[in-house]
Amino acid sequence: MDIIRISGLNYSVEELSPDEMNGNIGLADFNRQRIMINSTFSNQTKIIARWHEMIHIIDTVYGTKLTEEQVVTLTHGILAVFLDNPGLLETLNKY
Ligand SMILES: [Zn+2]
């Protein structure tokens, strides 16, 4: 189980069975600080689901009221920036 800190709160990231996930790929529980990922999907899909749920949490925290389509678009856009720039975090940490 991983921990991801979002806006001052620690969220656990847990992989659960398809039954526990009720068929969903990913779920976010803002009130229990949990991100749940369906364990049966590929690692690439799990990464996408993790980002997707993180964006849902950010949306909830800041009240931006994103649509599901906007969450999907931001998920893939932000993920592409990180994948296309493997040293990005290291560069950002210099400043
Ligand atoms: Zn969603």
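Reading the values: the criteria
Residues numbered from 1 in each chain as written. Predicted model: local features only at pLDDT ≥ 70, side-chain atom pairs only at ≥ 80, totals over all residues. Helix = DSSP H or I, 4+ residues; strand = E, 2+ residues; numbered from the N terminus. Rg over C-alpha atoms; globule rule 2.2 N^0.38 Å. Buried ≥ 20, exposed ≤ 12 C-beta atoms within 10 Å, placed from the backbone. Contact = placed C-beta atoms within 7 Å. Axes fitted to C-alpha atoms, helices over the stretch in contact; angles between N-to-C directions. Parallel < 35°, antiparallel > 145°, perpendicular 65-115°, else oblique. Left-handed = near helix turned anticlockwise from the far one by under 90°. Nonpolar A, V, L, I, M, F, W, Y, C, P; charged D, E, K, R; others polar. Pairing = 2+ DSSP bridges. pLDDT = per-residue confidence, 0-100.

Novice: What am I meant to see in the overall build of the chain here?
Specialist: Each helix and strand in the chain was counted, giving four helices and four strands. Each helix and strand of the chain, ordered N terminal to C terminal, gives the series β-β-α-β-β-α-α-α. Relative to its length of 95 residues, the chain is compact, with a C-alpha radius of gyration of 14 Å against a globular reference of 12 Å. Along the longest, intermediate and shortest principal axes, the C-alpha atoms of the chain span 45 × 30 × 25 Å. By the burial criterion, 15% of the 95 residues in the chain qualify as buried. Sequence separation of 24 or more characterises 35% of the internal contacts of the chain that already satisfy a separation of 6 or more.

Novice: Would you mind showing me how to read the packing of helix α2 (residues 43–62) against helix α3 (residues 68–84) here?
Specialist: To characterise two packed helices, one gives the angle between the axes of the helices and the distance between these axes. Put simply, α2 and α3 touch, their axes get as near as 9 Å, and they point 120 degrees apart. Judged by the inter-axis angle, α2 sits oblique to α3. Our pair here, α2 against α3, has a crossing hand that is right-handed. Contacts from Ile48, Trp51, His52, Ile55, His56 and Asp59 in α2 reach Val71, Leu74, Thr75, Ile78 and Leu79 in α3. Grouping the amino acids of the contact of α2 with α3 by side-chain chemistry returns seven nonpolar, three polar and one charged.

Novice: Can you walk me through the sheet that holds strand β4 (residues 34–38) in this structure?
Specialist: Paired through their backbone hydrogen bonds, the strands of a sheet run either parallel or antiparallel. Strand order in the open sheet made by the four strands is β1-β2-β4-β3, with mixed pairing throughout. The two strands at the open ends of the sheet, each matched to only one other strand, are β1 (2–6) and β3 (26–29). With strand direction ignored, the average angle separating the axes of adjacent strands in the sheet is 25 degrees. Here β1 pairs with strand β2 (residues 9–16) via five bridges, running antiparallel. Paired with Arg5 across the two strands is Asn10, which belongs to β2. Contacts from α2 reach β1, β2, β3 and β4, with the element oriented near 30 degrees to β3.

Novice: Quick question: what am I supposed to make of the environment of Met21 here?
Specialist: Here Met21 lies in helix α1 (residues 18–21). Sequence separation of Met21 and Ser39 is 18 residues, and the distance between their C-alpha atoms is 9.0 Å. Dropping the residues within four chain positions of it, Met21 is found in contact with Leu16, Leu27, Met36 and Asn38.

Novice: Looking at this structure, I do not really get the confidence of the model for the chain. What am I missing?
Specialist: The predicted structure's coordinates, where accompanied by low pLDDT, should not be read in detail. For the chain, per-residue confidence averages 96 on the pLDDT scale, and 100% of positions sit at 70 or higher. Within the chain, the element-level pLDDT minimum falls on helix α4 (residues 88–93), averaging 92, and the maximum on β4, averaging 98.

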